[in-house]
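# Tertiary structure, described
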Amino acid sequence: MHRILLLSFLCLLFHYSQCYEWKTFFFKQQVDHFSFANQDTYPQRYLVNSTYWKRGGGPIFFYTGNEGDIEWFAQNTGFMWDIAEEFGAMLVFAEHRYYGQSLPYGNKSYSDAKYLGYLTSEQALADFAELVAYIKSTNSGAVDSPVIAFGGSYGGMLSAWMRIKYPHIITGSIAASAPILQFTGLTPCDAFNRVVTADFASASTECSETIRKSWKSLSSILSQDDGKEWLRTHWNLCVPLNGTDDVVNLKDWLTNVWTNLAMVNYPYAANFLAPLPAYPVKAVCEHLTNSSLDDHSLLDELFKGLSVYANFTGQTKCLDVSQQADQSLGDMGWDFQACTEMVMPMCGDGINDMFEAQPWNIEKYSERCLKKWKVNPRPLMAPLIYGGKNISSSSNIVFSNGLLDPWSTGGVTKSLSDSIVAIIIPEGAHHLDLRAADPNDPPSVVKAREIEKQFIGKWISSVKKDKKETLKSIFVG
C-alpha cells in the first residue's frame, strides 16, 4: 500500500500521463564477466511486472537499461506496458551497472578508474544475459519463453547489440533511436547539429538565426566582468560566472539545451528530460523572433526562450547551468563511457548549423578524458566489437528512427534484410514509438508501433513453431 501511494505521488509530481507498478528485485552479478582475476560481485536492480504473463511460454519483454535510474526508464517506456496484455508478456526492466542503485562498489564506484573501469557496454550486456538466464530458470513456465529486447537511445544500442552478441538468448530486438553508427568513420560529425538546426529553423528561421548569433553576443558581453554580472542578473543565474571555464560551461549547457529540446520535441506535454509543453521547439521559438537586436536585447530574448526549458513550471528559483537534464540520468557515468568506448564525434561550423564553430579534435578530446578520468578513449572499439555497419549476418532487429531526432543521423535508416528492418517516423522525436500511446501521436508513430508489433508476433510465433518441430522430430525419431 505504501509503495502504491508513493508511486501515485511520484506520478503526480512528475506529470506522468500513466502510472505503472512493478516489483523490485536484486540479482548478484559478477563485476567482471571476462576474467577470473576479479571475483567481486554486486547487486543489480531489476523491475518485474507479471500481471499479464501467460505462464508456460508467454514472452518476456526485456528492457535493456541505459544511463540512468531504471525506474525512470520503466515509467517512460509505455509501449511495452501498452502491449503486454496483448502478448501475454512478463515485463522486465534491468538497470545498467553503475547507474541508479546498481553500483558495483557503492560510494567508491566513481572514485577511481580501478573501480570504474568495469563500466562498459560489454559488461552490461553480459549482466543482461546472466539476468535473463536466471529469470527463466527461477520462474516456473519461463524456460521456453521467447525474450524480446527493447531499448531507446543508448538502451536501443544495447538492445540491438544483445541480439547480435547473444542470439541464443534474445529472440528479437526493438531498437528505437539507437545511434549504433555514430562513431568515427561511420557518420559525418556535423550531421547531428544540422538536424538540431533544421528542427528550430522549421519552426522559424528567425529562431535558428537568433541562436546562431547569440554565441557572438555572449562572447562579447562575457569578455568583461560587468558583462558577467549583467548576465547573472538578467538570466537569474544561481551561481555567478567568474572565469573562462564558467563561460565555456555556460555555452556547453546552452548547446545541450538546444539539443535536448530537439530530442524531446514530442506532440504533447511531457517530462522526459524536463517538464515541457507540446512541441517545445515551437514554444521556444515563439520567443526568438528578432535576430537583428543588439547584443543585450538579443540575450534578453534568448532567456525568454530558454525559460521554456529551464522553468516551464514557473517553480525554478534560479537558472542552474550545472544541471543538464533530469537528475535520473547518470551524467557522470555517461561522461566516462564517452571517454572510453562510446566516442561519438560531434562538430559544427556555425554556418550550416546554428552552433558555435567547433571542429572535432580527438587529441583535445583525449586530453580532457585523461585529465578527468585517467583513461584514453578508444574511438574504434565499439564498431570493432559490434560490427558497425556490417551487421547483416544478424537477424530479428527493428531499428526505428524519428526524423526530428538528431540521433537519427547515427541510426540504421535503411533495411539491411528481411529481418533487419528500418522504420522511419517523419514526425517522430527521440524514441517516440517507445512512449505510451497518446491521442496526439502523429499517424506515422501509430503505424510504426503496429509494424513493430507485427515483427514481435512473428518472432514469438517462430520460436513456438521451432519448438513444435523439435518435439515432432524427437517423437518421430
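Residues numbered from 1 in each chain as written. Predicted model: local features only at pLDDT ≥ 70, side-chain atom pairs only at ≥ 80, totals over all residues. Heavy atoms only, no water.

## Let's talk about the state of the cysteines
Note the following rule: What counts as a disulfide here is a pair of cysteine sulfur atoms lying within 2.5 Å. Secondary structure counts use DSSP, requiring at least four H or I residues in a row for a helix and at least two E residues in a row for a strand, with both numbered from the N terminus. Burial here depends on accessible area, computed with a 1.4 Å probe over protein chains only, as a share of the maximum for the residue type. Under 20% is buried, over 50% is exposed, and the range in between is partly exposed.
With the rule as written, the count across this model stands at 4 disulfides. Here Cys 207 pairs with Cys 285 through a disulfide, and the sulfurs are 2.1 Å apart. Judged by the sign of its S-S torsion, about -70°, the bond between Cys 207 and Cys 285 is left-handed. With a gap of 78 residues between them, Cys 207 in helix α8 (residues 205–221) and Cys 285 in helix α11 (residues 280–285) connect regions that are remote in the sequence. The class for Cys 207 is buried, based on a relative accessible area of 0%. Residue Cys 339 pairs covalently with Cys 369 via a disulfide, S to S 2.1 Å. Linking Cys 339 and Cys 369, the disulfide has an S-S dihedral of approximately -75° and is accordingly described as left-handed.

## Some points on the domain arrangement of the chain
To keep it simple, the criterion reads: An automatic or database domain assignment supplies the start and end points of every domain. Contacts: residue pairs with any heavy atoms within 4.5 Å of one another. We count a salt bridge whenever a side-chain nitrogen from Lys or Arg sits within 4 Å of a carboxyl oxygen from Asp or Glu. In protein, a polar contact requires one atom able to donate a hydrogen and another able to accept it; more generally it is a pair of N or O atoms within 3.5 Å, and residues adjacent in sequence count only if both atoms are side-chain atoms.
As assigned here, the chain comprises domain 1 (23–183 + 386–475) and domain 2 (190–373). With 38 residues of domain 1 in contact, the opposing surface of domain 2 contributes 32 residues. Connecting domain 1 to domain 2 are 0 salt bridges. At the junction of domain 1 with domain 2, the criterion picks out 8 residue pairs in polar contact (both at pLDDT 80 or more).

## Quick notes on the sheet that holds strand β10 (residues 420–425)
Put simply, the test is: Strands were regarded as paired on the criterion that DSSP finds at least two bridges between them. Each axis is a line fitted through C-alpha atoms, taken for helices only over the stretch in contact, and angles between the N-to-C directions span 0 to 180 degrees.
Read from one edge to the other, the open sheet built from 8 strands follows the order β1-β2-β4-β3-β5-β6-β9-β10, with strand pairing classed as mixed. Of all strands in the sheet, those bounded by a partner on one side alone are β1 (23–30) and β10. Along the sheet, successive strands turn relative to each other by an average axial angle of 20°, direction set aside. Relative to strand β4 (residues 90–94), helix α3 (residues 78–87) is tilted by about 150°, and along the sheet it contacts β2 (41–49), β3 (60–64), β4 and β5 (147–152).

## Some points on the packing of helix α5 (residues 121–138) against helix α6 (residues 154–165)
Quick note on the threshold: In this scheme, roughly parallel covers angles under 35 degrees and roughly antiparallel covers those over 145, while 65 to 115 is roughly perpendicular and the rest are oblique. In this scheme the handedness of a crossing depends on how the near helix is turned from the far one: anticlockwise by less than a right angle means left-handed, clockwise means right-handed.
Direction vectors running N to C along α5 and α6 enclose 65°, while the axes themselves pass 10 Å from each other. Between α5 and α6, the angle falls in the class roughly perpendicular. Classified by chirality, the crossing of α6 by α5 is right-handed. Only Tyr 154, Leu 158, Trp 161, Met 162 and Lys 165 of α6 make contact with α5, whose side of the interface consists of Ser 121, Leu 125, Phe 128 and Ala 129.

## A word on the nonpolar core
Stated formally: We define a nonpolar core as any set of buried Ala, Val, Leu, Ile, Met, Phe, Trp, Tyr and Cys residues linked to one another through side-chain atoms lying within 4.5 Å.
Judged by nonpolar contacts, the single largest core of 126 residues is most densely connected at Phe 150, Phe 200, Trp 235 and Trp 258. Considering every element that reaches this core, the biggest residue donor is helix α10 (residues 244–263), with 9 residues. Of the domains in this structure, domain 1 (23–183 + 386–475) and domain 2 (190–373) are the two that each give at least three residues to this core. Other than its neighbours up to four places away in sequence, Trp 258 contacts Val 196, Phe 200, Ile 211, Trp 215, Val 284, Leu 302, Leu 306, Met 354 and Phe 355.

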